[in-house]
Amino acid sequence: MAEKRNNGYVPSFEEEKLENEELIYELAQLYKVFGDETRLRILRALLDGEKPVGVLSEDLSMTMSAVSHSLRILKAARLVSCRREGKAVYYALCDDHVKMILLLGLDHVSE
């Protein structure tokens, strides 16, 4: 149970997480990943579902090398997952949290 703070206020579980310096650092790193236009374009393209690198490259008019580089960063940040089928590697958003973060951000900037 959280200890009482100023004037008997007890912070919520979410507020307690914001006081954890390690979690704040991890959150800042996550937002840095979202801070790149190319990576955002890839995430937006994956909103429609799983796609191989070649299709992403064509859809975004980018080289496969550039797409692959950004996908490595997105995978390391646990924003995309991949599966191999023969020589092709298919990428998808990791979970609904990624979709929600992206859509909420787009909603916010379009107001």
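Residue numbers here run from 1 along each chain, matching the order of that chain's written sequence. Local features are withheld for residues below a pLDDT of 70 in this predicted model, meaning they are given only at 70 or higher, and side-chain atom pairs are given and counted only at 80 or more; totals for whole chains, interfaces and linings count all residues. Side-chain numbers come from the whole structure's heavy atoms, not from hydrogens or water.

*Asks:* Describe in detail the packing of helix H4 (residues 53–60) against helix H5 (residues 64–76), supporting the description with residues and values.
*Replies:* Packing of H4 against H5 leaves a shortest axis separation of 9 Å and a crossing angle of 110°. It follows that H4 is roughly perpendicular to H5 by the angle criterion. Here H4 runs over H5; the crossing is right-handed. Between H4 and H5, the contacting residues are Val-53, Gly-54, Leu-56 and Ser-57 on the first element and Met-64, Val-67, Ser-68 and Leu-71 on the second. Amino acid classes used here: Ala, Val, Leu, Ile, Met, Phe, Trp, Tyr, Cys and Pro are nonpolar; Asp, Glu, Lys and Arg are charged; the rest, including Gly, are polar. Considering only residue class, the contact of H4 with H5 consists of five nonpolar, three polar and no charged. As a rule, the C-alpha atoms of each element are fitted with a line to give its axis, helices using only the stretch in contact, and angles between N-to-C directions run from 0 to 180 degrees. Only DSSP runs of H or I covering at least 4 residues are called helices, and only runs of E covering at least 2 are called strands; the numbering of each starts at the N terminus. Each angle receives one of four descriptions, namely roughly parallel if under 35 degrees, roughly antiparallel if over 145, roughly perpendicular if within 65 to 115, and oblique otherwise. The handedness criterion is simple: a crossing whose near helix is rotated anticlockwise from the far helix by less than a right angle is left-handed, and one whose near helix is rotated clockwise is right-handed. Whether two residues touch is decided by their heavy atoms; if any such pair falls within 4.5 Å, the residues are in contact.

*Asks:* Tell me what's going on with the pairing of strand S3 (residues 88–93), and back it up with residues and numbers.
*Replies:* Most of S3 sits out of view: five of its six residues are buried. A pair of strands is treated as paired once DSSP finds two or more bridges between them. In the sheet, strand S1 (residues 51–52) pairs with S3 via two bridges, with the strands oriented antiparallel. In the sheet register, Lys-51 faces S3, and the bridge partner there is Tyr-91. Note: strand S2 (residues 80–85) against S3, six bridges, orientation antiparallel. Along S3, the bridge assignment pairs Glu-85 with Ala-88. Taken together, S2 and the strand that follows it, S3, pair antiparallel across an intervening segment of two residues, in which Gly-86 is found at a positive phi of about 65°. Partly exposed describes any residue whose relative accessible area lies between the buried limit of under 20% and the exposed limit of over 50%, with all areas from a 1.4 Å probe on protein chains only and scaled to the type maximum.

*Asks:* Please set out the packing of aromatic side chains residue by residue, giving values where relevant.
*Replies:* For any pair of aromatic rings, the description rests on two quantities: the centre-to-centre distance and the angle between the ring planes. Any Phe, Tyr or Trp ring, taking Trp's six-membered ring, that has another such ring centre within 6.5 Å forms a pair; planes under 30 degrees apart are called stacked, those over 60 apart edge-to-face, and the others tilted. Evaluated as defined, the whole model comprises zero aromatic pairs. Counting as a charge over the ring demands two things of the Lys NZ or Arg CZ atom: a distance within 6 Å of the ring centre and an angle within 35 degrees of the ring normal. Positioned above the aromatic ring of Tyr-90, the side-chain terminus of Arg-83 is 4.6 Å from the ring centre.

*Asks:* Residue-level account of the layout of surface pockets, with values.
*Replies:* Put simply, the grid is 1 Å and covers the protein atoms alone, a cavity is a trapped set of points that fit a 1.4 Å probe, a pocket is an open set with protein on both sides within 12 Å along at least five of seven lines, and lining residues have an atom within 4 Å of a point. Grid points are joined across faces, edges and corners, and a volume is the space filled by probe spheres set on the points. Considered as a void within the structure, the second largest pocket measures approximately 230 Å³ in volume. What lines the second largest pocket is Tyr-31, Phe-34, Glu-37, Leu-40, Arg-41, Arg-44, Ile-101, Leu-102, Gly-105, Leu-106 and Val-109. Listed by contribution, the elements that provide at least two residues to the lining of the second largest pocket are helix H2 (21–34), helix H3 (37–46) and helix H6 (96–109). The dominant element in the lining of the second largest pocket, judged by the number of residues it contributes, is H6, at five residues. Considered class by class, the residues forming the lining of the second largest pocket number seven nonpolar, one polar and three charged.

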